[in-house]
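Structural characterization, general
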Amino acid sequence: MKKGHIRNIKTELLSDNWYTLNRITFDYQKEDGSWETQVREAYDRGNGAAILLYNKKKKTVVLTRQFRMPTYINGNEDGMMIEACAGLLDGDHPEACIKKEVEEETGYMVDDVKKVCETYMSPGSVTEILYLFVAAYEDTMKIGEGGGAEDETENIEVLELSFATALKMVAAGEIKDAKTILLLQYAQLNNLLA
């Protein structure tokens, strides 16, 4: 299918209580040249970054656990999610953002982060681009308790797990977060802990 042309874009703000939800009406040119009107809703919460911290010597990774209301209302019994450290860019460069998030959420200070990729996690309805990173960590890099920023009511638990355990948790459905699964698979495919 060729890239369609878009015209007559009209945006209607539906909500801006937390972030913004827009209804977008537009004309889309189909492959046969005809035009059809389409209506979509798009949730814009800004772009974000996530990182997998790994320790090659100990063969461990650092993840977080926190309550996520959207998962709770969609069948996650206790609402708790095990995830890679992540946060919204809030105007920061992705690399600067993720270094700040690592310190706030996990208590580690990392300098050398490697960008893995950029991804749209839910492109049918969410505008967010997520920048994914990996970084090695050592015990000497721990400068605080982590747990999240005081003013953000995150209540984050820091988990240091063996890499093998984390992979088993993915297979068992205990880790269901897409960004975390992608980063763990990246680590496995690229032998980061071998």
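Residues numbered from 1 in each chain as written. Predicted model: local features only at pLDDT ≥ 70, side-chain atom pairs only at ≥ 80, totals over all residues. Heavy atoms only, no water.

Okay, a nonpolar patch on the surface next. Together, Phe67, Met69, Tyr72 and Ile73 give the surface a local cluster of nonpolar side chains, amounting to about 430 Å² of exposed area. Positionally, Ile73 belongs in the loop between helix H1 (69–72) and strand E6 (80–83). (Patch = residues over 30% accessible without salt bridge, like charges linked within 9 Å, V, L, I, M, F, W, Y side chains within 5 Å. Areas by Shrake-Rupley, 256 points an atom, 1.4 Å probe, with all protein chains shown as cover. Salt bridge = Lys/Arg side-chain N within 4 Å of Asp/Glu carboxyl O. Helix = DSSP H or I, 4+ residues; strand = E, 2+ residues; numbered from the N terminus.)

Attention now moves to the packing of aromatic side chains. Summed over all chains, the structure comprises four aromatic pairs. Ring geometry for Trp18 against Tyr19: centres 5.8 Å apart, planes inclined by 85 degrees, an arrangement best described as edge-to-face. Taken together, a centroid distance of 5.0 Å and an interplanar angle of 65 degrees make the contact between Tyr108 and Tyr137 edge-to-face. In this pair, Tyr108 is assigned in the loop between helix H2 (94–106) and strand E8 (114–120) and Tyr137 in the loop between strand E9 (129–136) and strand E10 (157–162), connecting sequence segments 29 residues apart. Within the aromatic cluster, the residues linked to one another by ring pairs are Trp18, Tyr19 and Tyr43. (Phe/Tyr/Trp six-rings, centres within 6.5 Å; stacked < 30°, edge-to-face > 60°.)

Another aspect to go through is the pattern of salt bridges. Following the criterion strictly, the structure yields 13 salt bridges and no others. Of the charged contacts in the structure, one is a salt bridge between Glu128 and Arg45, with a shortest N-O distance of 3.0 Å. Of the two residues, Glu128 is situated in the loop between E8 and E9 and Arg45 in the loop between strand E3 (35–44) and strand E4 (48–55); the sequence distance between them amounts to 83 residues. Exposure remark for Glu128: the relative accessible area of 11% places this residue in the buried category. A salt bridge links Glu83 to Lys179, with the nearest nitrogen and oxygen atoms 2.9 Å apart. A residue pair is termed long-range when its members are at least 10 positions apart, and Glu83 in strand E6 and Lys179 in helix H4 (residues 178–189) qualify at 96 residues. (Buried < 20%, exposed > 50% of the residue type's maximum accessible area, 1.4 Å probe, protein only.)

Here we take up the sheet that holds E3. Read across the open sheet, the three strands follow the order E1-E2-E3; overall the sheet is antiparallel. At either margin of the open sheet sits one strand with a lone partner, and together these are strand E1 (6–15) and E3. Put simply, the sheet's adjacent strands are angled 20 degrees from each other on average, direction ignored. As paired elements, strand E2 (residues 20–29) and E3 share ten bridges and run antiparallel to each other. Following the sheet pairing, Thr25 is matched in E3 by Val39. (Pairing = 2+ DSSP bridges. Axes fitted to C-alpha atoms, helices over the stretch in contact; angles between N-to-C directions.)

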